[in-house]
Every structure is written in structure tokens, then in C-alpha cells.
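Breakdown of the fold
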Protein chains: 2
Amino acid sequence: MSGNIEGPPVEDVLGALADPTRRQILDRLAGSGEATATTLTAEMSVSRQAVVQHLAILEAAGLVKGYRIGRERRFIVVPRRLTETARWMDRLAAQWDGRLAAIKRIAEQAHQAGLESPGRQKENEQPETDRS
Amino acid sequence: MSGNIEGPPVEDVLGALADPTRRQILDRLAGSGEATATTLTAEMSVSRQAVVQHLAILEAAGLVKGYRIGRERRFIVVPRRLTETARWMDRLAAQWDGRLAAIKRIAEQAHQAGLESPGRQKENEQPETDRS
DNA sequence: GGGATGTGCAATCATTTACTTGCGCGTCAC
DNA sequence: GTGACGCGCAAGTAAATGATTGCACATCCC
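Note that the structure is predicted; figures quoted are calculated from it, not measured.

This part takes up the protein's contact with DNA strand C. Close to DNA strand C lie 21 residues; A:T38, A:R48, A:R71, B:S47 and B:H54 are nearest. Of everything in DNA strand C that lies within 4 Å of the protein, sugar and phosphate atoms constitute 57%. In this structure, a phosphate oxygen belonging to DNA strand C sits 2.3 Å away from a side-chain N or O atom of B:H54. For the surface near DNA strand C, a count of residues per class yields 2 nonpolar, 10 polar and 9 charged.

All names here are of chain B. Spatially, β1-β3-β2 is the arrangement adopted by the 3 strands of the open sheet, whose pairing is antiparallel. Of all strands in the sheet, those bounded by a partner on one side alone are β1 (34–36) and β2 (64–68). Here the strands of the sheet are splayed against their neighbours by 30° on average, with no regard to which way each runs. As paired elements, β1 and strand β3 (residues 73–77) share 3 bridges and run antiparallel to each other. Pairing of T36 across the sheet is with R74, part of β3. Across the sheet, helix α2 (residues 20–32) is in contact with β1, β2 and β3; its angle to β3 comes to roughly 95°.

With that out of the way, let us pick up the relation of the copies chain B and chain A. A rotation about an axis combined with a shift along that same axis relates the two copies of the chain. The two copies are related by a screw operation: chain B maps onto chain A through 180° of rotation and 0.0 Å of translation along the axis, at an RMSD of 0.0 Å. In symmetry terms, the pair is related by a two-fold rotation axis. Among all residues of chain B, the minimum C-alpha distance to the rotation axis is found for B:A86, at 2.2 Å. Same-surface contact between copies: 94% of interface residues of chain B are shared with the interface of chain A.

Reading guide: rules and limits
Positions within a chain are numbered from 1, following the residues in the order the chain's sequence is written. The order in which chains are written sets their letters, starting at A; the order in which ligands are written sets their numbers, starting at 1. Where local features are concerned, this predicted model is filtered to residues with pLDDT of at least 70; where side-chain atom pairs are given and counted, the filter is 80 or more; whole-chain, interface and lining totals use all residues. Side-chain figures throughout are based on the complete set of non-hydrogen atoms in the structure, without hydrogens or water. Any residue with a non-hydrogen atom lying within 4 Å of a molecule or strand is treated as near it. Here a polar contact is recorded for every N or O atom pair within 3.5 Å, except that within protein the pair must consist of a potential hydrogen donor and a potential acceptor, and residues adjacent in sequence are included only if both atoms are side-chain atoms. Under the grouping applied here, Gly and all other residues not named as nonpolar or charged are polar, the nonpolar ones being Ala, Val, Leu, Ile, Met, Phe, Trp, Tyr, Cys and Pro and the charged ones Asp, Glu, Lys and Arg. A pair of strands is labelled paired if DSSP reports no fewer than 2 bridges between them. Numbering of helices and strands runs from the N terminus, with a helix taken as a DSSP run of H or I at least four residues long and a strand as a DSSP run of E at least two residues long. Axis definition: a line fitted to C-alpha atoms, limited for helices to the stretch in contact. Angles are taken between N-to-C directions and run from 0 to 180 degrees. Contacts were defined at the residue level, with two residues in contact if any of their heavy atoms lie within 4.5 Å. The superposition of copies rests on a least-squares fit of C-alpha positions from residues with pLDDT of 70 or more in both.

By themselves these figures say nothing about function.
Set out below in C-alpha cells:
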């Protein structure tokens, strides 16, 4: 049940989305459909090189895709990984929910047992699952 | 249409999930239902204080909740924000999809027009939003 | 060809961030 | 009470990261 941190794809997406400037870039990109690092720079408050580096990270994460036209390199957003990550999060949340429900039941049972010796917590009632 | 970066809640969640150690903590926490910083440290390769700091960030992001029992401070996972962020991502992905579809249509029209003057791109067909 | 425009590479800088160590204090058990 | 256990605060360190500047190279337009 435990140990599904998930690999590189989700990891990279989360890392990429964590930065405000990159989210801003994505937002502008999605707004204009396609753009180059230079045109994006015009509507932002950082240098072109900063935008270029961010775009590289975004492309490595699979959130955008770049292609050459003439002498310019245009980028478009790619929704795929975003959808995947959203699903991953949803599954994780569902897993947490299930786990919480189980714990709640155990806690209520422990509470029942605790009523027999009032004023003191009987914490060791719960096996602590395990660890390793 | 543009400008929905979304505020603090999503921002904090993304930032919190971006770190591998924090995801590991969340995973262990979800596995054991509840745990303290000390018990978590036992199954990880960082110091207790590191875990404490991570838990503070996770709690600020609303991903976990801590409460005192006796002299110990236990934590449980809270799925709420995770679900919200997943939905946010899904909406964003859908928005991207819609935008891509629109651009594709425009591009095809531009391609049609481009057939009349072969060998040269008619790029200025798209208003380019603007650029200061 | 020649100037303008757009790109890519590389080094540098400053801030942030993850992690550590040390210590004082509250809480439980005997 | 005394000792053990767990927690919290604080300062400090080292690495990652966001951002900058400078310059060389390629491409477009006249």
C-alpha cells in the first residue's frame, strides 16, 4: 500500500509548476497559443535568458513543446502531463481518504476501550502498522 | 481569458509537493495514519529538525494537520487541498486544450491563405496579442 | 553583401532552501 | 524529586535555484 511516490514525470511537473514565474509563462503561453522566449519576455519582468531557462525546465517536464520556424523557436503548451499529474493527485487524495477512514474506525474502537480506564490515554492500543 | 494563476492555496501546495523529502513524509504519514516528527525520523535519512521543518511547510500548505496529545505532536494527512489542486490542474489542462483547438483552426486557415504565396510564411496573420 | 533581429552558450551573482547541530524547556514514568 | 523522552527555538552551513550580463552564431530583409 505504501511507497507510491511515483517517478520522474510527476516529479518534474510538480517541480516545474512550483515556480511563480514558470506558471506565469505557462499562462501567457496558453493565452497566446504560441510564443517565443523573446515575445514572452516583452510582457514579463525578467530577462530573456531567464525565460529561456524556464522554458527549458518546462519542456523537460513535458508541459510545453518547442519547435523551430525560421530563426525563431516557438513554444506551445502541452496539456498531457498536466492531466496525468491531476489524476495522480486525485488517486493520492483518494488513498489518503481511505487511510483516514480506517484510522478513524480504529481510533473509535480505542476510545471504546479507553472508557474503561478514564483520565488516561491508552495509546499503545494501536499497533503502529509497522515500519521498515 | 488570461490571468488565472490562482493564489496562495494552490501555490503553497505545489511548492510543498515539489520536494522529494516532503513527498516521502506524506507517503509515510498516509501509510501509518498518524505519526510524530520523531517516529517519522526513525524511518528516514534526515534529522528530526529537518522533518519538523518540512512538516511545518506541509501544515502551512494544508496538506497535514498537527495536534498535541501529551508531550508529543502528532500529524495526520488532510486530503482536501490535494483534491482542490487536482481539480485546478484539470481545469487548467482543459483550458489549454480549448486554446490549442482554437489555435489549430487558425493555423489551418493561415495555411490555406499561405498556399496563395508559396515559399514564405505569413506570420502576421495572428494579432500576437500585443507587446508593449 | 550588410544591418537588424532572434537565438544559444557560458560565466557570474544573489537569494532561497534543505539540512544540520546545540541547547533549554515541558511532560511522562518511576 | 530525578531521569528519560519528546518538543521547540535559534544559529549556522552548504548546495540548489532564479536571474543577470556578455558575446558569438544563425537567419531574415533590403
